[in-house]
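If you want the building blocks of each chain, they are given just below.
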Amino acid sequence: MQIFNQHIKESIMITQLSDIKLIDLPKIADPRGNLSFIEEDKHIPFKIQRTYWIYDVPGGEIRGGHAFKKQHEIIIALSGSLDVVVDNGLTRKIFSLNRSYYGLYIPCGIWRQMENFSTNSLALVLSSTTYLEDDYIRDYNQFKNYTYNE
Ligand code: TYD
């Protein structure tokens with residue numbers, strides 16, 4: 001019983017890839033230039049505690065390569081394009097982001113990496129937590145061991 005409880009405490013259930021959503025954000029088309037926006041209680045399913053952005057990525061470089069235990073994120077290609085590879089430990093899927101009015105919602109428990117950045121691309125990330133190194137799983141085998149089927 002003790003061992004069983006320990007297993008549950010240090011594991012997370014497999015997140016379904018269908019829980020990863022491409023959110024269509026508002027776009028106010030205007031001949032002077034388009035405008036998009038996000039309101040946290042309206043367009044995204046969490047309170048934003050942090051934003052960060054990834055830029056000046058040299059050709060061929062890969063960012064990410066980890067999963068989060070608790071943190072949820074939205075990734076937006078504000079400029080240019082990139083691919084986000086998501087993996088729940090069982091299946092892998094690629095989302096190509098190339099419009100600034102789409103936000104990719106990634107719940108916790110998903111291994112993800114960002115690759116194939118175009119020149120001068122800018123990826124904005126909205127996060128449900130502050131920066132917590134303890135929330136990262138940076139080893140893929142550890143991630144596989146961490147997830148379990150109900
Ligand atoms: P990390 O999330 O590991 O980026 P990637 O997975 O793309 O390599 O972050 C890289 C470094 O930046 C890491 O040492 C921690 C630091 N960092 C912060 O201090 N605050 C943040 O909000 C983020 C995202 C990273």
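Residues numbered from 1 in each chain as written. Predicted model: local features only at pLDDT ≥ 70, side-chain atom pairs only at ≥ 80, totals over all residues. Heavy atoms only, no water.

### Some remarks on the site of the ligand
Phase 1: Every residue lining the ligand is accounted for by R50, Y52, R63, G64, H66, Y131, Y136 and R138.
Phase 2: Separating an oxygen atom of the ligand from a backbone N or O atom of G64 is a distance of 2.8 Å.
Phase 3: A total of 520 Å² of accessible area belongs to the ligand in isolation, and the protein chains cover 59% of it.
Phase 4: Elements supplying a minimum of two residues to the shell around the ligand: β5 (50–54) and β6 (63–68).
Phase 5: Looking at the shell around the ligand, the element that brings in the most residues is β6, giving three residues.
Phase 6: Partitioned by chemical class, the residues of the shell around the ligand number three nonpolar, two polar and three charged. (Near = heavy atom within 4 Å. Polar contact = N/O pair within 3.5 Å; in protein donor to acceptor, adjacent residues only side chain to side chain. Areas by Shrake-Rupley, 256 points an atom, 1.4 Å probe, with all protein chains shown as cover. Helix = DSSP H or I, 4+ residues; strand = E, 2+ residues; numbered from the N terminus. Nonpolar A, V, L, I, M, F, W, Y, C, P; charged D, E, K, R; others polar.)

### Observations regarding a nonpolar patch on the surface
Phase 1: There is a patch of nonpolar side chains on the surface, built from I28, L35 and F37 and spanning about 260 Å² of accessible area.
Phase 2: Tracing the chain through its elements places F37 in the loop between β4 (35–36) and β5.
Phase 3: For F37, a relative accessible area of 32% gives the class partly exposed. (Patch = residues over 30% accessible without salt bridge, like charges linked within 9 Å, V, L, I, M, F, W, Y side chains within 5 Å. Salt bridge = Lys/Arg side-chain N within 4 Å of Asp/Glu carboxyl O. Buried < 20%, exposed > 50% of the residue type's maximum accessible area, 1.4 Å probe, protein only.)

### Observations regarding the sheet that holds β6
To summarise the sheet geometry, strands pair through backbone hydrogen bonds and adopt either a parallel or an antiparallel arrangement.
Phase 1: As summarised here, the arrangement of the five strands in space is β9-β8-β11-β6-β13, forming an open sheet in which the pairing is antiparallel. Two strands close off the open sheet at either side, each with one partner strand: β9 (92–97) and β13 (136–137).
Phase 2: Bridge count for β6 against strand β11 (residues 111–115) is three bridges, and the pairing is antiparallel. Looking at the pairing, H66 lines up with R112 of β11. (Pairing = 2+ DSSP bridges.)

### Section: the pairing of β6
Phase 1: Where β6 lies against β13, two bridges are found, and the strand directions are antiparallel. Bridge pairing links A67 to I137 in β13.

### Here we look at the pattern of salt bridges
Phase 1: In the structure shown here, the tally under the stated rule is seven salt bridges.
Phase 2: Across the salt bridge formed by K47 and E40, the nearest N and O atoms sit 3.6 Å from each other.
Phase 3: Exposure remark for K47: the relative accessible area of 48% places this residue in the partly exposed category.
Phase 4: Put simply, E40, D41 and K47 are held in one network by salt bridges that share partners.

### Focus on the packing of aromatic side chains
How two aromatic rings sit relative to each other is set out by the distance from centre to centre and by the angle between their planes.
Phase 1: Considering all chains together, one arrives at seven aromatic pairs under this definition.
Phase 2: Both rings, one in W111 and one in Y140, keep their centres 5.2 Å apart while their planes meet at 85°; by these two values the pair is edge-to-face. Of this pair, W111 sits in strand β11 while Y140 sits in helix α2 (residues 140–146); the two residues are 29 residues apart in sequence, bridging distant segments of the chain.
Phase 3: Looking at W111, the relative accessible area reads 8%, which means it is buried.
Phase 4: An aromatic cluster is built from F68, Y131 and Y136, whose rings are joined through pairwise contacts. (Phe/Tyr/Trp six-rings, centres within 6.5 Å; stacked < 30°, edge-to-face > 60°.)

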